[in-house]
Amino acid sequence: IHVILVPEIIYLQADGDYVQIITTNGKHLKEQTMKSFEEQLPQNQFVRVHRSIIVNVEMISRIELYEKQNQLLTLKNGQKIKTSPAGYKALRTTLNL
């Protein structure tokens, strides 16, 4: 058993029937649905920016336009993540933009 603290989570990504939890200390694989993580994590801190990705908003360092209606997030660890239009709308709501 490995305990992962919520502040350590950078983002979560769907991986088949599993979810990869990317943290400041590495990657962890969990057999659980994205929906269950979305319901359990603090909604003011975690946003589902794409069908397969939930991001910790405190780990976002930059938001920029990508293509016509999509945004590209740059995270503090250097990872780049594309948002869906609905995901970006949810992110804007959470960040009060």
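Up top is the structure.
Everything in this summary refers to the structure shown in the same document. (Residues numbered from 1 in each chain as written. Predicted model: local features only at pLDDT ≥ 70, side-chain atom pairs only at ≥ 80, totals over all residues. Heavy atoms only, no water.)

### Brief notes about the pattern of salt bridges
Next, step 1: Scanning all chains against the criterion turns up three salt bridges.
Next, step 2: The closest approach of N and O atoms between Glu 38 and Arg 48, which form a salt bridge, is 3.1 Å. Remark: Arg 48 occurs in strand β4 (residues 46-50) and Glu 38 occurs in helix α1 (residues 34-40); sequence separation between them is 10 residues.
Next, step 3: Under the relative-accessibility criterion, Arg 48 is labelled partly exposed at 25%. (Salt bridge = Lys/Arg side-chain N within 4 Å of Asp/Glu carboxyl O. Helix = DSSP H or I, 4+ residues; strand = E, 2+ residues; numbered from the N terminus. Buried < 20%, exposed > 50% of the residue type's maximum accessible area, 1.4 Å probe, protein only.)

### Looking at the sheet that holds strand β7 (residues 70-75)
Next, step 1: One open sheet accounts for three strands, arranged β6-β7-β8; its pairing is antiparallel. Only two strands of the sheet have a single partner each, and these edge strands are β6 (60-66) and β8 (80-82). Adjacent strand axes in the sheet meet at a mean angle of 25°, parallel and antiparallel pairs treated alike.
Next, step 2: Two elements, β6 and β7, share six bridges in a ladder whose sense is antiparallel. Across the sheet, Glu 64 pairs through a bridge with Leu 72, a residue of β7.
Next, step 3: Packed on one face of the sheet, helix α2 (residues 85-95) meets β6 and β7 and runs near 135° to β6. (Pairing = 2+ DSSP bridges. Axes fitted to C-alpha atoms, helices over the stretch in contact; angles between N-to-C directions. Contact = heavy atoms within 4.5 Å.)

### Regarding the pairing of β4
Next, step 1: The sheet contact formed by β4 and strand β5 (residues 53-56) spans four bridges and is antiparallel. The partner of Val 47 across the bridge, within β5, is Val 55.
Next, step 2: Between β4 and β5, which pair antiparallel one after the other, the connecting turn spans two residues.

### Some words on the nonpolar core
Next, step 1: Tyr 11, Val 49, Val 55, Ile 60, Leu 75, Ile 81 and Leu 91 are the most contacted members of the largest nonpolar core, which totals 15 residues.
Next, step 2: The residues contacting Val 49, other than those within four sequence positions of it, are Val 55, Leu 73, Ile 81, Lys 82, Thr 83, Ser 84, Gly 87, Tyr 88 and Leu 91.
Next, step 3: One finds Ile 9, Leu 12, Met 34 and Leu 41 within the second-largest nonpolar core, a separate group that totals nine residues. (Core = buried A, V, L, I, M, F, W, Y, C linked by side-chain atoms within 4.5 Å.)

### Some details on the side chain of Thr 74
Next, step 1: With respect to the secondary-structure elements, Thr 74 resides in strand β7.
Next, step 2: Classification of Thr 74 by relative accessible area gives buried; the value is 12%.
Next, step 3: Of note is the side chain of Thr 74, whose polar atom sits 3.2 Å from the side chain of Lys 80.
Next, step 4: With near-sequence residues (within four places) excluded, Thr 74 lies in contact with Met 59, Ile 60, Ser 61, Arg 62, Glu 64, Gln 79 and Lys 80. (Polar contact = N/O pair within 3.5 Å; in protein donor to acceptor, adjacent residues only side chain to side chain.)

### Here's the deal with α2
Next, step 1: When we look at burial in α2, the residues that qualify are Gly 87, Tyr 88 and Leu 91. Within α2, the buried residues cover an arc of 95° as seen down the axis, which keeps them to one side. Turned more than 90 degrees away from the buried face of α2, the exposed residues are Ala 86, Lys 89 and Thr 93.
Next, step 2: Looking at the buried positions of α2, the neighbouring elements they touch are β4, β6 and β7.
Next, step 3: Looking one or two residues beyond α2, the residue adopting positive phi is Asn 96, at roughly 55°. (Arc of directions from axis to C-beta.)

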